[in-house]
Every structure is written in structure tokens, then in C-alpha cells.
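The primary structure of each chain is shown beneath.
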Amino acid sequence: MEKHKGDYLKFLGTAGARFVVTRQLRASGGLWLSVGGEEIIIDPGPGTLVRCLSSRPKLNPLHLSGIILTHRHIDHSNDVNIMIEAMTNGGRNKKGFLYAPRDAFEPPDPVVQFYARVFLKEIGYLEEGKIIRCAGFKLETPVRHRHPVETYGLRFHLPCGNISLIADTAFFPELIEHYSGSDLLILNVVIFKDHVSDRIYHLNFNQAAELIKNIKPKVAILTHFGMSMLQQKPHLLARSLEEKLGIRVIAATDGFKLPLQNLSTSGSDILVG
Ligand SMILES: [Zn+2]
Ligand SMILES: [Zn+2]
């Protein structure tokens, strides 16, 4: 794996939960990761194709090496079929991978359409403890998350450092050891505060703070915001958490682009592009 100067991560969307997604108060296009000359889209929610093509500079889906779904919920998978079409030039160039939990492919309600599967070169199931090796990166799914459908967070081992995405999950303390050693930690923080009566399978802000405090990444990024997080103004929450913990904390915005080359040195030189 060679260190690549132009590596970056771009947040095509930062919406989480029903109302923020359906009203598009934030976009829901997932993450575009460019690393070692490979392009990957993670969790292509509603509007991903449009967001790629309207990005400046434009992100060309034909250049994608593959697609990853952390789970099958619609805010993470809505555009998976159209992104397969776009990546493979409408199926003319059989190429690319799709990694997703098994239930994204299987009855009773698969989200990956059968006609589109044959356009792909490789289909892989994400499973607990699995390691996937590609030319530009190594990907690990250390633990199954606590969420109503099969869900995994992602750990990328890259030449520039380790990037983890704690995708949708209820809090459980073992998350700390599974994601320890992350240089960059991205957390889906859907809600600000739980109500005792709710049974919510998402991280709230205090739980995200607890994870950041214990995992101690160089940089933490909050994303996938539901309504209660937006009401609290994520950038203010991020700033107060940064002051409290002494760890760089960023609240992602739609289109936020993070260059990855400085990751292994220090969080303080991370530039916002
Ligand atoms: Zn979600
Ligand atoms: Zn979900």
C-alpha cells in the first residue's frame, strides 16, 4: 500500500433519521473515500448520484472501485442500485465490488436488485471480525452493531492512518475496544438526548462524547444528524466537546472534504477543504 498524496474523505451528506432525510434538511449522500488511487462510496443514501455529479469538482461514479453498505436501512442504501449502474456504465463494464451485510441481499426484502448484481465483479458479505484486503486498503468490520437490522461499523487500515466509522448503533461499552487505535473516528450521532421511554438504537451526543474520550482519536467527526442534533447546532456541540476533551472534534457539513495526508502526524494540522 503506497501513501497517496491526494487521499481524502468527502461527506456527500450528513443527514440521519427519518425527518432530516425525507425533508432533506441535510443531504443524505453518504461518504466518498479516495485512497491510494481507489474511489469508494459508503452508504449511498437518497440523492447520492445527484450529489456526486453536482460536486465541485465532480465525482465520477465510473471511477469507483466499489460500494460499501454498513446496513440496509434506506438512508444508507437507497441509491445502491443506481450507483451500481453508474459505476459499471449501465452494466456495460462488469467491474467493482459491493460489500454489505447478508440481509441486504436476501429475502424477504433485499435492497440490492438481482439484475444489478450481475454487473458487479465481486459481492462480499460483511461479517463480525471479517478482514477484507484490497489494493489500496485493508477493511475490518470488528463487531456487529446493536441496530434493528444487521449492521457493521468499518475500520480502514490505510497508509495515512486508521479511519473508523461507527455506523448506526445503540451504545455498548465494547465499542471502545473495537475501535481503539483509530486516528480518525467518524460517529453517526443521530440524537441529542434519549427520552427514557424511547427504545432508540442510535448513539446520542453524550454517548458519542464518551466514545471519543475513551478511544482518543486524533480527530473525531460527528455526522448523520437527526432533528434533535440539528436543533442543538452540531458545530457548537463539537466546539464545546473539543474544549472539554482536548481532542479535535468536527461537526460534518454537506460537502465537507477532509484531506487525509496529515492524519498520521497530528490532528491539529487537519485542514478543512
Ligand atoms: Zn441511519
Ligand atoms: Zn439505521
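Computed from a prediction, not measured in an experiment: that's the story for all the values here.

Draft legend 1. Local environment of the packing of aromatic side chains. This model, assessed by the stated rule, comprises 7 aromatic pairs. When the centroid spacing of 6.0 Å and the interplanar angle of 25 degrees are considered together, the rings of F192 and F205 count as stacked. Of this pair, F192 sits in the loop between β11 (184-191) and β12 (203-204) while F205 sits in helix α7 (residues 205-215), and the two are 13 residues apart along the sequence. An aromatic cluster is present here, built from F97, Y99, F137 and F156 joined pairwise through their rings. One Lys or Arg, R117, reaches over the ring of F114 and ends 4.0 Å from the middle of that ring. The side chain of R146 reaches across the aromatic face of F172, ending 4.2 Å from its centre.

Draft legend 2. Main features of the coordination of the zinc ion (ligand 2). The protein atoms donating to the zinc ion (ligand 2) are H71 (NE2), H73 (ND1), H147 (NE2) and D168 (OD), with metal-donor distances spanning 2.1 to 2.4 Å. Its 4 donor atoms give the zinc ion (ligand 2) angles of 89 to 170 degrees at the centre, a pattern that matches the irregular case. Donor residues for the zinc ion (ligand 2) sit on one chain with the sequence pattern H-x1-H-x73-H-x20-D. If you look at the zinc ion (ligand 2) and the zinc ion (ligand 1), they sit 3.5 Å from each other and are both ligated by D168. One end of the pair, H71, is in the loop between β4 (64-68) and α3 (74-77); the other, H147, is in the loop between β8 (138-141) and β9 (154-158), and 76 residues separate them in sequence. Neither residue differs from the other here; H71 and H147 are each classed as buried.

Draft legend 3. Highlighting the packing of α7 against helix α9 (residues 234-245). As a packed pair, α7 and α9 sit with axes 11 Å apart at the nearest point and diverge in direction by 35 degrees. As for the relative orientation of α7 and α9, their crossing is right-handed in sense. Contacts between α7 and α9 pair F205, A209, I212 and K213 from the former with L237, L241 and L245 from the latter.

Draft legend 4. The pairing of strand β3 (residues 38-42), seen in detail. Taken across its 5 residues, β3 has 5 buried, putting it largely inside the fold. Of the two faces of β3, the one lined by E38, I40 and I42 and the one lined by E39 and I41 are each fully buried. Linkage of strand β2 (residues 31-35) to β3, two consecutive antiparallel strands, is achieved through a turn of 2 residues, within which G36 is found at a positive phi near 55 degrees. Of the pairings in the sheet, the one linking β3 to β4 comprises 4 bridges and is parallel in character. Counterpart to I41 in the pairing with β4 is I67. On the question of chirality, the crossover connecting β3 to the parallel β4 by way of helix α2 (residues 48-54) is right-handed.

Draft legend 5. Layout of the sheet that holds strand β6 (residues 122-126). The mixed open sheet is built from 7 strands, whose spatial order is β6-β5-β4-β3-β2-β1-β15. Only two strands of the sheet have a single neighbouring strand rather than two, namely β6 and β15 (257-259). The sheet shows a mean angle of 15 degrees between the axes of neighbouring strands, direction not considered. Relative to β3, β2 is paired through 5 bridges, and the arrangement is antiparallel. Pairing of S34 across the sheet is with E39, part of β3. Where helix α4 (residues 80-87) meets the sheet, its contacts fall on β4 and β5 (97-101), and the angle it forms with β4 comes to roughly 170 degrees.

Draft legend 6. α4, seen in detail. Of all 8 residues in α4, 6 are buried; the element is thus mostly enclosed. Buried within α4 are the following residues: V80, N81, M83, I84, A86 and M87. After α4 finishes, the residue N89 shows a positive phi value of roughly 55 degrees.

Draft legend 7. Just the pattern of salt bridges, in detail. Enumeration over the complete set of coordinates arrives at 5 salt bridges. Between E242 and R248 there is a salt bridge; the shortest N-O distance is 3.6 Å. Judged by its relative accessible area of 28%, E242 falls in the partly exposed class. Residue classification places R248 among the partly exposed residues on the basis of a relative accessible area of 25%. Counted as one network, the salt bridges with shared partners bring together R102, E106 and E127.

Parameters at a glance
Residues numbered from 1 in each chain as written. Chains lettered and ligands numbered in written order. Predicted model: local features only at pLDDT ≥ 70, side-chain atom pairs only at ≥ 80, totals over all residues. Heavy atoms only, no water. Phe/Tyr/Trp six-rings, centres within 6.5 Å; stacked < 30°, edge-to-face > 60°. Helix = DSSP H or I, 4+ residues; strand = E, 2+ residues; numbered from the N terminus. Lys NZ or Arg CZ within 6 Å of the ring centre and 35° of its normal. Donors = N, O, S within 2.8 Å, 3.2 Å for Na, K, Ca; no water. Tetrahedral: all angles 85-135°; square planar, octahedral: opposite > 155°, others 65-115°. Buried < 20%, exposed > 50% of the residue type's maximum accessible area, 1.4 Å probe, protein only. Axes fitted to C-alpha atoms, helices over the stretch in contact; angles between N-to-C directions. Left-handed = near helix turned anticlockwise from the far one by under 90°. Contact = heavy atoms within 4.5 Å. Pairing = 2+ DSSP bridges. Right-handed = clockwise from strand over helix to strand, strands pointing away. Salt bridge = Lys/Arg side-chain N within 4 Å of Asp/Glu carboxyl O.

Read these as geometric descriptors, not functional statements.
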